[in-house]
Amino acid sequence: MSKPNIRPLCDELKKVAKEELNEVEDCIGDNIETLRDWIHKQRHLKARTDDQFLVAFLRGSKYSLEKAKSKIDYFYTFKTLMPEYCCNKVIDEKWLNILRTGFYIRFPVFSNTAAPTICLSRYAKFDFKQYTITDLVKYQFIIMDWLVNNDDNVIISGYVGIVDLSDVGLSHIAHFDLNVLKKGRMFLEKGAPGRLKELHLINCPKEALTLISLTISCLNEKLPMKIHVHKTFDDLGKYIGKEHLPVEYGGTNSSIDEIIAQTEKDLLAFNDYFMEDDQYGVTEHLRLEKRISTETLLGMEGSFRKLSID
């Protein structure tokens, strides 16, 4: 077996991949080839088969081949069943303008570390007068696609979400609905190779408690993450060091403007991926097993989770 065409890992990530994800370096190429062969035999599934893409799903499944098959199948099933979020994601001025609001950003990850990737959501920054909730979710899927293909930390060490609810009011909450949250939860559980490890909610006004309750109710028990609601911003520092946060949040990890500028370059450089991505997906009538529909996916009820309030 030839050496797989994947990015080399730093020693820290290699250690995590070996100890937590069951990665055996000498077997990666064989594992990728086995998964690729399976994809080619699926009549209903047209998926990417490059080494870097496939190893993300192997790592996200802790090298369980059956789980990796399931995740890839669901990844493209969600893409086909939710075209409003997952198709036609070519980066143009609309998406660049949404990016520049800074409502959803990924903090830079230090090289040679195994730290989780951190993403910040600031929903009050999103302009609901100009854009829709569908645009909001679709942009987050755009970032997710970039992460799956370019960020080894998010695949191996997982990611941490920070949700800053400053200035979120009823006018923002009115745009969210339960089905959108359910779809996001199901994708994270069944189709996403990256693992959401922690969710930190800060600056929570009373009006945002409804949104919080909806979010928590939609998070299935199968998502093994911790959820924290912080009464003060300083409490966040107990969990996330200042070296990982941007200067606007009391840290030293670039400024938000710098992060946005770099993200713009990254997305534009990745535009070929988005231009060709709509050719991939599933054709349900060719599936040998029971067909999957949006109704069957959303029919699985979530359960409430206990919050840890600091």
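One numbering rule holds for all chains: residues counted from 1, following each sequence as written. Restriction of local features to residues with pLDDT of at least 70 applies here, the model being predicted, together with a cutoff of 80 or more for giving and counting side-chain atom pairs; totals for whole chains, interfaces and linings are based on all residues. Water and hydrogen atoms were dropped before computing side-chain values, which therefore reflect all heavy atoms in the structure.

Undergrad: Summarise the overall build of the chain; cite the residues concerned and give the values.
TA: Each helix and strand in the chain was counted, giving 14 helices and 8 strands. With 310 residues in all, the chain has 54% of them scored as buried. Accessible surface is estimated by sampling points in the Shrake-Rupley manner with a 1.4 Å probe; for residues, cover comes only from the protein chains shown. Accessible surface, the chain as shown: approximately 14800 Å² in total, 51% of it carbon and sulfur. In this description a helix means any DSSP run of H or I spanning at least four residues, a strand means any run of E spanning at least two, and both kinds are numbered starting from the N terminus. Exposure classes here rest on a 1.4 Å probe applied to the protein chains alone. A residue is buried below 20% of its type maximum, exposed above 50%, and partly exposed in between.

Undergrad: Which residues make up the nonpolar core, and what values do they have?
TA: As used here, the term nonpolar core means buried Ala, Val, Leu, Ile, Met, Phe, Trp, Tyr and Cys residues forming a set that is joined through side-chain atoms within 4.5 Å. Residues I72, Y76, L136, Y139 and I162 are the most contacted members of the largest nonpolar core, which totals 85 residues. In terms of residues, this core owes the most to one element, helix α7 (residues 133-150), which gives 11 residues. Boundary definitions for the domains trace back to an automatic or database domain assignment. Among the domains, domain 1 (11-87 + 278-295) and domain 2 (93-270) are the pair contributing at least three residues each to this core. Not counting residues up to four positions away in its chain, the partners in contact with L136 are F103, Y123, F126, F128 and F176. If you look at the next biggest cluster of nonpolar residues, it comprises 7 residues, including C10, L13, L21 and I156. Only heavy atoms matter for contacts: two residues are in contact if any of them lie within 4.5 Å across the pair.

Undergrad: Provide a residue-level description of the side chain of D152, including the pertinent values.
TA: With respect to the element layout, D152 can be found in helix α8 (residues 152-156). Polar contacts, as counted here, are pairs of nitrogen or oxygen atoms within 3.5 Å of one another; within protein the pair requires one atom able to donate a hydrogen and one able to accept it, and residues that are adjacent in sequence qualify only if both atoms are side-chain atoms. For D152, the side chain forms a polar contact with the side chain of R7, separated by 3.0 Å. Ignoring sequence-local partners within four residues, the contact set of D152 consists of R7, L9, L13, Q52, R59 and S157.

Undergrad: Lay out the pairing of strand β5 (residues 196-202) with the relevant residues and their values.
TA: Burial analysis of β5 places 5 of its 7 residues in the buried class, which makes it a mostly covered element. Should DSSP find at least two bridges between two strands, the strands are regarded as paired. Two elements, strand β4 (residues 159-164) and β5, share 6 bridges in a ladder whose sense is parallel. Looking across to β5, one finds that D164 is bridged to I202. The pairing of β5 with strand β6 (residues 226-229) spans 4 bridges and is parallel. Across the sheet, residue E198 finds its bridge partner in β6, namely K226.

Undergrad: I'd like a description of the side chain of H200, backed by residues and values.
TA: Locating H200 in the fold gives a position in strand β5. Residue class for H200 comes out buried when judged on its relative accessible area of 0%. At 2.8 Å, the side chain of H200 forms a polar contact with the side chain of H230. Setting aside its immediate chain neighbours within four residues, H200 contacts V160, G161, I162, V163, H228, H230, L236, Y239 and I240.

Undergrad: Which residues make up the pattern of salt bridges, and what are the values?
TA: Whenever Lys or Arg places a side-chain nitrogen within 4 Å of a carboxyl oxygen from Asp or Glu, that contact is recorded as a salt bridge. This structure, assessed with the given rule, holds 21 salt bridges. With its nearest N and O atoms 3.4 Å apart, the salt bridge here joins K183 to E84. Taken together, the positions of K183 in helix α10 (residues 178-190) and E84 in helix α5 (residues 83-86) put the pair 99 residues apart, joining distant regions of the chain. Looking at K183, the relative accessible area reads 15%, which means it is buried. Take E84: its relative accessible area is 31%, and that puts it in the partly exposed class. When the shortest N-O distance is used, the salt bridge between E93 and R100 registers 2.9 Å. Assessed through its relative accessible area of 37%, R100 is described here as partly exposed.

Undergrad: Account for the packing of helix α2 (residues 28-40) against helix α4 (residues 65-81), naming residues and giving values.
TA: Between N-to-C directions, angles cover 0 to 180 degrees, with each direction set by a line fitted to C-alpha atoms, over the stretch in contact for helices. At a minimum axis separation of 11 Å, α2 and α4 run at an interaxial angle of 45°. Between α2 and α4, the interaxial angle falls into the category oblique. Both α2 and α4 take part in a crossing whose hand is right-handed. Counting all contacts with α2, which are made through T34, L35, W38 and I39, the residues of α4 involved are L65, A68, K69 and I72. Here the angle decides the label: under 35 degrees means roughly parallel, over 145 means roughly antiparallel, 65 to 115 means roughly perpendicular, and every other value means oblique. Less than a right angle of anticlockwise turn of the near helix away from the far helix marks a crossing as left-handed, whereas a clockwise turn marks it as right-handed.

Undergrad: Which residues make up the state of the cysteines, and what values go with them?
TA: Disulfides are defined as pairs of cysteine sulfur atoms found within 2.5 Å of each other. One pass over the structure, following the stated rule, counts 0 disulfides. The closest cysteine sulfur to the non-disulfide-bonded C86 is located on C87, 6.5 Å from its own sulfur.

Undergrad: An account of the packing of helix α3 (residues 51-60) against α4 is needed here, citing residue identities and associated values.
TA: The geometry of α3 relative to α4 is characterised by a closest axis approach of 8 Å and an angle of 120° between their N-to-C directions. When the axis of α3 is compared with that of α4, the two are oblique. Judged by the twist between their axes, the crossing of α3 over α4 is right-handed. Two secondary-structure elements touch here, α3 through F53, L54, F57, L58 and G60 and α4 through L65, A68, K71, I72, F75 and Y76. Note on residue categories: nonpolar means Ala, Val, Leu, Ile, Met, Phe, Trp, Tyr, Cys or Pro, charged means Asp, Glu, Lys or Arg, and polar means any other residue, Gly included. A breakdown of the residues in the contact of α3 with α4 according to their chemical character gives 9 nonpolar, 1 polar and 1 charged.

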